[in-house]
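An overview of the molecular structure
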Amino acid sequence: MYTITVGGNLSIIITYKLSPSLHTPMYFLLANFSFLEILYVSCTVPLLLSGLLSECKVISFSGCAIQMYCFLLFGGTECYMLAAMAYDRYNAICHPLLYTVIMNERVCIQHVAGSYIIGAANALIHTAFTFSLPFCGSNEIDHFFCDIPAVLELSCQDIWVNEFVIFVFAGCVIIGSFIVTIISYMEIISKILKLHSVSSRKKTFATCSSHFIVVTVFYGSGIFMYFRPRSSHRIGQNSVVALMYTVIAPLLNPFIYSLRNKEVKSNMKTIILRK
């Protein structure tokens, strides 16, 4: 699954680079999103695979902190990248005549850079608050990577401050970007319903449905994970839920965006035949 995820997302990046016809805002954001997915899945899955294949399931204290920071960095960046992609589709469908002006190259770069800046700030805050706590007793993490809820369980101090920080900052990142995405899609659906042509409706729905599938899987599992009461967390349940946004969502991305997109498939075939 890890190999397919990396290979699939890498194929989207290569197709974008080698296909001049795909050099549009939509595919620029998609290529950057695919690169982000490779980084995101590489934070957790290689160490998980190493643990499954050996008896040594150990991570150092500093290694745990680095893994948490990288995971939160790329996870937070992905939230706003998905919102930027939804905003791009909103402009393409609702303001087609102004689309190239609104989503010019400078704006696209700002969206990508802004997503990374927000992700980095969010990751730094959570990692600093989590690893400033005193840890005592068991050092066994009930998870397959150093996620915030699992590490907080090891603290011997009241963690209400950390839970408040999660609620505020994770709320701004996850819920904030989710609201932007939902508003964009509500406007898109409203615009689609006003179209008189059935073929136009189908084409527009097809363009946006793939993005909406990724959004549903990623945001749904993320919100369920970080915004539940602590008392509702069960042993093993966190790992199952986390698999949805750490492994399944990145795995689905290349299939959804390539197999459901005629333009991407056409350019992939052209590149293969040319080589």
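Residues numbered from 1 in each chain as written. Predicted model: local features only at pLDDT ≥ 70, side-chain atom pairs only at ≥ 80, totals over all residues. Heavy atoms only, no water.

**Here we look at the packing of aromatic side chains**
- Under the defined criterion, the tally for this structure stands at 11 aromatic pairs.
- Summarising the aromatic geometry, the rings of Phe178 and Tyr219 are spaced 5.2 Å apart at their centres and angled 55 degrees between planes, so their arrangement reads as tilted. Residue Phe178 is found in helix α8 (residues 160-193), and its partner Tyr219 is found in helix α9 (residues 198-226); the two are separated by 41 residues along the sequence.
- In this structure Phe178 comes out as partly exposed when scored by relative accessible area, which is 25%.
- Members of the aromatic cluster, each reached through a chain of ring pairs, are Tyr40, Phe71, Phe144, Phe145, Phe178, Phe218, Tyr219 and Tyr245. (Phe/Tyr/Trp six-rings, centres within 6.5 Å; stacked < 30°, edge-to-face > 60°. Helix = DSSP H or I, 4+ residues; strand = E, 2+ residues; numbered from the N terminus. Buried < 20%, exposed > 50% of the residue type's maximum accessible area, 1.4 Å probe, protein only.)

**Side note on the state of the cysteines**
- Going through the model one piece at a time under the given rule, you end up with 2 disulfides.
- Sulfur-sulfur distance for the disulfide between Cys64 and Cys146 comes to 2.0 Å. Since a negative S-S torsion denotes a left-handed disulfide, the Cys64-Cys146 link at about -125 degrees is left-handed. Highlighted residues: Cys64 in helix α4 (residues 61-94) and Cys146 in the loop between α6 (105-130) and α7 (148-152), separated in sequence by 82 residues. (Disulfide = S-S within 2.5 Å.)

**Details of the UniProt feature "transmembrane region" (unreviewed entry) in the chain**
- Mapped onto the present numbering, the UniProt feature "transmembrane region" (unreviewed entry) falls on residues 26-49, 61-83, 164-185, 205-227 and 239-259.
- Annotation note: span residues 26-49, helix share 92%, strand share 0%, distance between end C-alpha atoms 34 Å.
- As a span, residues 61-83 carries 100% helix and 0% strand, and end to end its C-alpha atoms are 33 Å apart. (UniProt positions renumbered as here; feature names shortened; annotations may be inferred.)

**Re the packing of helix α1 (residues 2-18) against helix α2 (residues 25-42)**
- Across the interface, α1 lies against α2 with an axial gap of 9 Å and an inter-helix angle of 155 degrees. What the angle tells us is that α1 and α2 run roughly antiparallel. Handedness of the crossing formed by α1 with α2: left-handed. For the pair α1 and α2, the contacting residues are Tyr2, Thr5, Val6, Asn9, Leu10, Ile12, Ile13 and Tyr16 in the first and Tyr27, Phe28, Leu30, Ala31, Ser34, Phe35, Glu37, Ile38, Val41 and Ser42 in the second.
- Of the residues belonging to the contact of α1 with α2, the class tally is 13 nonpolar, 4 polar and 1 charged. (Axes fitted to C-alpha atoms, helices over the stretch in contact; angles between N-to-C directions. Parallel < 35°, antiparallel > 145°, perpendicular 65-115°, else oblique. Left-handed = near helix turned anticlockwise from the far one by under 90°. Contact = heavy atoms within 4.5 Å. Nonpolar A, V, L, I, M, F, W, Y, C, P; charged D, E, K, R; others polar.)

**A short note on the pattern of salt bridges**
- Scanning the entire structure with this criterion turns up 1 salt bridge.
- For Arg89, the salt bridge goes to Asp88, with nearest N and O atoms at 2.9 Å. Each member of the pair, Arg89 as well as Asp88, carries the same accessibility label: buried. (Salt bridge = Lys/Arg side-chain N within 4 Å of Asp/Glu carboxyl O.)

**Focus: the environment of Val101**
- You can see Val101 is positioned in helix α5 (residues 99-102).
- C-alpha separation for the pair Val101 and Asp88, spaced 13 residues apart in sequence, amounts to 12 Å.

**A look at the environment of Phe167**
- Within the element layout of this structure, Phe167 appears in helix α8.
- The spatial distance from the C-alpha of Phe167 to the C-alpha of Tyr226 is 7.9 Å, given a sequence separation of 59 residues.

**Description of helix α3 (residues 45-53)**
- Of all the positions in α3, only Val45, Leu48 and Gly51 are classed as buried. Each buried residue of α3 lies within a common arc of 120 degrees when the element is viewed along its axis, so the set occupies one face. (Arc of directions from axis to C-beta.)

**Here we look at a nonpolar patch on the surface**
- A cluster of nonpolar side chains, contributed by Phe129, Trp160, Val161, Phe164, Phe167, Val168 and Phe169, occupies part of the molecular surface with about 680 Å² of accessible area.
- Take the nonpolar patch: its biggest share by element is 6 residues, from α8.
- Mapped onto the secondary structure, Phe129 falls in helix α6. (Patch = residues over 30% accessible without salt bridge, like charges linked within 9 Å, V, L, I, M, F, W, Y side chains within 5 Å. Areas by Shrake-Rupley, 256 points an atom, 1.4 Å probe, with all protein chains shown as cover.)

**Focus on the side chain of Asp88**
- Looking at where Asp88 falls in the secondary structure, it is placed in helix α4.
- Accessibility expressed as a relative area gives 1% for Asp88, which makes it buried.
- Among residues more than four places away in sequence, those in contact with Asp88 are Pro25, Met26, Leu29, Tyr99 and Met103.

**Quick word on α6**
- In this model, α6 (26 residues) spans 38 Å end to end at C-alpha, consistent with the 38 Å of a helix rising 1.5 Å per residue.
- Those residues of α6 that fall on the buried side of the exposure criterion are Val107, Cys108, Val112, Ser115, Gly119, Asn122, Ala123, His126, Thr127 and Thr130.
- In the core, the buried residues of α6 are packed alongside α2, α4, α5, α7 and α8.
- Of the residues flanking the start of α6, the one acting as N-cap is Asn104, its side-chain oxygen 3.1 Å from the backbone nitrogen of Arg106. (Expected span 1.5 Å × (residues − 1). Polar contact = N/O pair within 3.5 Å; in protein donor to acceptor, adjacent residues only side chain to side chain.)

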